[in-house]
Amino acid sequence: MTVAVQEQLHAFATTLLERRGALVEWPAADQAGTAVLPPEVADAIGSDADIVPVACDAAGGGLSVNLAGDFLEWAGRLLDGVPRVGAFRLRNLYLKRKELDEGIGRAFTWLNAKVNFREARETTVEYHTWWFHASLRSEDRWETCLRVSLNAASGVEVEIPDPLGLWELEPRAVSYSRPPSSYPRAAERARRRLLGSAASFLDRMDTRLQRDRKRLREYYRALLRESEKKKPRGGAQPDPEKIEAAKRAVDLELRRKLAELDERYAIEATLRPVVLVRAETPALAVDLSVFRKRAQKTHTVYWNPLVKQFEPLGCVRCGEGTFAVAFANETVEPLCRRCSAAGSR
Amino acid sequence: MITRLAEPAFGVSERQTGGETPFRTAAGIPITFRDVPPPEGLSTGEPGLLRLHLEYWQLHLLRDFDQLLCLEGLTGVEHLPHQIETVRKVLRRFRGRVLLADEVGLGKTIEACLLLREYLLRGLARRVLILVPTPLVSQWREELASKFHLEFKTPPRDGKADCLEYWQTTDRVLVSLAFAKSRKRAQWVTEAPWDLVIVDEAHHCKNRATQNWRLVNALKRRHLFLLSATPVQNNLLELYNLLTLLEPGHLKTETDFKRQYVRRGNPRDPRNRERLRSLLGEVMVRNTRGLVQMDLPARYAQTILAEPEGEEAALYASLDRYLRERRAPLERIGGVHPTEPAADDGEELGSVVEAHPYPDEPRDALRADDRPPLGRRQLSTLLLAAGSHAGALAQSLENIAGDDPAARPLIDQARRLDRTAKDERFLRLLRQSRGEKMLVFATFRRTLEHLQRLLTEQGVPFATYSGAESEIEKDAAVAAFRDRLPLMLCSESGGEGRNLQFANTLVNFDLPWNPMRIEQRVGRIHRIGQTRDVFIFNLCTAGSLEARILDLLDEKIRMFELVVGEVGSILGNLQGGEEFESLVLDLWLRSRDEGDLGQSFDSLGQSLLDAQEQYLRTKQFDEALFGEEFQ
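Residues numbered from 1 in each chain as written. Chains lettered and ligands numbered in written order. Predicted model: local features only at pLDDT ≥ 70, side-chain atom pairs only at ≥ 80, totals over all residues. Heavy atoms only, no water.

Now for the packing of aromatic side chains. Within this structure, the stated rule accounts for 22 aromatic pairs over all chains. For the ring pair F426(B) and F509(B), a centre distance of 5.6 Å and an interplane angle of 80° mean the geometry is edge-to-face. Taken together, the residues F426(B) in helix α17 (residues 421–432) and F509(B) in the loop between β17 (505–508) and α20 (515–523) connect sequence positions 83 residues apart. F509(B) shares its class with F426(B); the two are buried. Pairwise contacts between aromatic rings join F12(A), F71(A), W74(A), Y56(B) and W57(B) into one cluster. A cation over an aromatic ring shows up here: K422(B) above the ring of F509(B), its NZ or CZ 4.7 Å from the ring centre. (Phe/Tyr/Trp six-rings, centres within 6.5 Å; stacked < 30°, edge-to-face > 60°. Helix = DSSP H or I, 4+ residues; strand = E, 2+ residues; numbered from the N terminus. Buried < 20%, exposed > 50% of the residue type's maximum accessible area, 1.4 Å probe, protein only. Lys NZ or Arg CZ within 6 Å of the ring centre and 35° of its normal.)

Across the contact, 79 residues belong to chain B and 87 residues belong to chain A. Carbon and sulfur atoms make up 60% of the surface buried where chain B meets chain A, a total of about 7500 Å² over both sides. Taken as a group, P39(B), R95(B) and R222(B) account for 9% of the area that chain B buries against chain A, more than any other trio of residues on that side. If you look at where chain B meets chain A, you find eight salt bridges. Where E139(A) meets R95(B), a salt bridge forms, and the shortest distance between an N and an O atom there is 3.6 Å. Inspection of the region where chain B meets chain A yields 31 residue pairs in polar contact (both at pLDDT 80 or more). Elements represented by at least two residues in the side of chain B that touches chain A include exactly β3 (30–35), β4 (43–44), α1 (47–61), α3 (108–121), α8 (211–218), β9 (220–227), α9 (236–246) and α10 (254–261) of chain B. The biggest single contributor to the side of chain B that touches chain A is α1(B), with 15 residues. Its residues assigned to classes, the side of chain B that touches chain A comprises 35 nonpolar, 20 polar and 24 charged. (Contact = heavy atoms within 4.5 Å. Buried area = accessible area lost by both parts, 1.4 Å probe. Salt bridge = Lys/Arg side-chain N within 4 Å of Asp/Glu carboxyl O. Polar contact = N/O pair within 3.5 Å; in protein donor to acceptor, adjacent residues only side chain to side chain. Nonpolar A, V, L, I, M, F, W, Y, C, P; charged D, E, K, R; others polar.)

Our focus in this paragraph is the sheet that holds strand β13 (residues 299–306) of chain B. Residue and element names in this part refer to chain B. Pairing is parallel across the open sheet formed by six strands, whose spatial order is β13-β18-β17-β14-β16-β15. Since the sheet does not close on itself, it has two edges, and those belong to β13 and β15 (463–465), each with one partner. This sheet shows a mean twist of 20° between the axes of neighbouring strands, independent of strand direction. Of the strand pairs in this sheet, β17 and strand β18 (residues 534–541) are connected by four bridges, and their pairing is parallel. Each bridged residue has a counterpart across the sheet, and for T505 the counterpart in β18 is F535. (Pairing = 2+ DSSP bridges. Axes fitted to C-alpha atoms, helices over the stretch in contact; angles between N-to-C directions.)

Here we take up the nonpolar core. Counting residues in hydrophobic clusters, the biggest one holds 112 residues, and the most contacted among them are L116(B), I130(B), W140(B), L397(B), M488(B) and F580(B). With eight residues, α3(B) is the single largest residue contributor to this core. Those residues in contact with F580(B), other than ones at most four positions away along the chain, are W513(B), P515(B), I549(B), L552(B), L553(B), L571(B), L574(B), L604(B) and L608(B). Listed in part, the 84 residues of the second largest apolar core include L202(A), Y220(A), L261(A) and F33(B). (Core = buried A, V, L, I, M, F, W, Y, C linked by side-chain atoms within 4.5 Å.)

Here the structure, examined in full by the defined rule, presents 58 salt bridges over all chains. With its nearest N and O atoms 3.4 Å apart, the salt bridge here joins E188(A) to R185(A). Remark: R185(A) and E188(A) occur in helix α5 (residues 182–197); sequence separation between them is three residues, near one turn of the helix. A salt bridge links D586(B) to R376(B), with the nearest nitrogen and oxygen atoms 2.7 Å apart. One end of the pair, D586(B), is in helix α23 (residues 580–590); the other, R376(B), is in helix α14 (residues 376–388), with 210 residues separating them in the sequence. In terms of burial, D586(B) and R376(B) fall into one category: buried. Taken together, the shared-partner salt bridges connect E139(A), D140(A), R208(A), D212(A), R215(A), R264(A), R95(B), R97(B) and E247(B) into one network.

Once that is clear, we can look at the side chain of H128(A). Residues and elements named next belong to chain A. Structurally, H128 is set in strand β7 (residues 114–137). H128 sits in the buried class, given a relative accessible area of 3%. There is a polar contact of 2.5 Å between the side chain of H128 and the side chain of E126. Discounting chain neighbours no more than four positions away, the residues touching H128 are V148, S149, L150, A152, P180, S182, L276, V277 and R278.

To continue, consider a nonpolar patch on the surface. All names here are of chain A. A surface patch of nonpolar side chains, amounting to about 280 Å² of accessible area, comprises L23, V36 and I51. Relative to the helices and strands, I51 resides in strand β3 (residues 51–55). Taking relative accessible area as the criterion, I51 reaches 52% and is therefore assigned exposed. (Patch = residues over 30% accessible without salt bridge, like charges linked within 9 Å, V, L, I, M, F, W, Y side chains within 5 Å. Areas by Shrake-Rupley, 256 points an atom, 1.4 Å probe, with all protein chains shown as cover.)

The next thing to look at is a positive patch on the surface. Residues and elements named next belong to chain A. Among the surface-exposed residues, R217, R221, R225 and K229 lie close enough to one another that they form a single positively charged patch. Tracing the backbone shows K229 in helix α6 (residues 199–229). When its relative accessible area of 66% is taken as the criterion, K229 is described as exposed. (Lys, Arg positive; Asp, Glu negative; His and termini not counted. Charge placed at Lys NZ, Arg CZ, Asp CG, Glu CD.)

This part covers helix α4 (residues 137–148) of chain B. Because an α-helix packs 3.6 residues into every turn, residues spaced three or four apart end up facing the same way. All names here are of chain B. Its twelve residues place the ends of α4 16 Å apart at the C-alpha level, agreeing with the 16 Å of an ideal helix rising 1.5 Å per residue. Residues of α4 that are buried: V137, S138, Q139, W140, E143, L144, K147 and F148. Buried residues along α4 sit against α3, β6 (128–132), β7 (172–176), β8 (193–199), β9 and α20. Just downstream of α4 lies H149, where phi reads positive at about 55°. (Expected span 1.5 Å × (residues − 1).)

Shown next, in the form of structure tokens:
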């Protein structure tokens, strides 16, 4: 274990134990320390004693804080009691007020409609930032962490900075009984992002699978050829039934091996939402009148003070945010370029 | 198929099937998403608490392959650089399908266990099946548990494993190949899916026509490790068969293989040697002593026979009469009485005698009264205790005396013995030792206690290292032995993984029946870092079972002169499929008298010699085939 990893583990374990009410005297990662554990923490860790030695080195007994062992297991159990949803407020952010019309003109391209600026008003928007831990398990394993932020009002994904890193963050009381409706959309975005970032892993699995399939097919084809050529002893005529039976057996074995190969490479993806931050932020809502043929509708776009930009409009079909917007004929709902093209085909 | 993805950047498509939407890669590998529900419960206004969760999951990402996880938290495992290198290589290059063919004694088992641990820790494997020759089951189980903290289940012999449910619901199974391939079970073993299968002494699967090969071939498994120091025994086709288990087609078809690599008229001498070696290098790792520069100094063993006299001789004679009268006449019976615990919680000797030892006698003939016969475990414990020391024997007899008053006079007899012939020989050895540091092994706790008393009486300072001591006390014992004390008393597991190479003399005050355990004891000082020749003294009472075992191991196969690990390969070649200690007990059970027993041991000795010859032939062949510098 490198020194950097040890230090990371040391800092994390100390904070976690202290947060759960333990007294920790563990000055440095390369030294041994002591922790006084409250009964519920000792229970979660599976320790009989309430005063235990703690160290990154596993050999000393007590709590071993390393990546092997059971550290991540008991840390996970301790974290079960720690809230995973945060509610905050951001105040006093700058809101753009001038030249909104021009700004919209620069940000958006209206593909098939006339769009007029109607009015702008100050409002508050809740941004939901979801963190996911994602893993792919096949013949090999790959994992990553992902962050997806959505404007809860528009449902559009926005790229805002990590809210936990913002100094303006103020706690806010929120009654929270069930997961907010942004979850399915966030999960879908995370899923796509995961598959994008795992591209090289997936390519690798594809290459290996194809190579293994090829090898198996060649091998069993060669076996088939051999069984066809095989001459019985004593110069007798080959028995066609026996040849057929041998072929069937080889074919069956090939299919079994190919199926086994497919099973071996099948990928199980796990997307685990680990933290949600709900950040209420002042924003500017700008109402737009959209004229498409003889229909007309009002849509709202948001000016986001965290990135100081307009946010895209969400495509009504695929949910993607888009700045190049087409509108449906009768409903005048926004469409991204791709969905619009698909609809017109 | 609906291709919903607009941007095919990652070459993944979606397909709607029923309620779920599996993705597929370009080559058609299905990607199934497992849903984990989103967080619920109270919210917080404290960013620090949320960051803890994020840091926790970031820690999971630190487990890249540059950093082996399996090395952390191990106790008593001395992993060597070539083993670590092998683990890395298998993880990176071999994709979990490999033939580990290190020369004997270089630690294939350690490599396989490190890999197993790594696969488990990384979530690459959950369901694991380990297939080993019967004599090595207990060795594997102990190593997995004590060194790698991995508990494996060995299927019960009572029929519970004769169904699919057992194999599907038991995630970690350690079983003998003989048990798994039985007609009653093979179907279930092969029907259950396994993430990882390990086959030790895989040369037993060298022949495609055998049930061994067919079983391993039929197993549904993601990863496969084959372990064999001697993958080719008679014919290159054996290697072909083994590698076909790993990667069918890697060496093309058998006909192709013969045409390209097997010399006509001499199936042991390969053609196109370089090309073959290069192909083998893609699926096989072989470390050699030459390559890893691991040559150990010589070891010398001496058996010291102690002749019992007077009361001691009378005790052994009475015990022999008692045990022969009380032995179980029929199929095996488990222990009814708790027996004397061994110094490290005892050893389990409990396999089944399939046949009546005296088929021509009525089944009840040996039972003199209504007292229940002694079970196998009780018998073996009593025999082992007798071979250890009178104190251990007295305690073991005490444990059964409640049910069998006939044992009482023997207890009194054993208790009366203050000094045994073996004690005297041990003390004489101490006087001759000229200050060399001496590691003294004893199996039973009572024997260790007796030796402590004996040494104290003689004014010999010593340390004790056993399961009864705490970790701190053990550390102190080793330090004292290294720095100032001439002698350390050790229980069975004493000092495993500790650096005790500063000593070069070992005394077996008693002797386990399993040669692998004897080898483990010797391995405490005959290991990397030992610079001097090693001397082993085996103390045993003349006429005891231990003396007969020693005669087999030392005189017949010259076990103490073998390279570390070779005895395992020889035992693996033994026909029959029983553990060695079980074989010994069977011989005793089947014998009517000492003459009978002597003949049986002669016959076992011949089998051992045959097994050794087979091993040596194969070893020579493999050395010629793979050379010193295979990698």
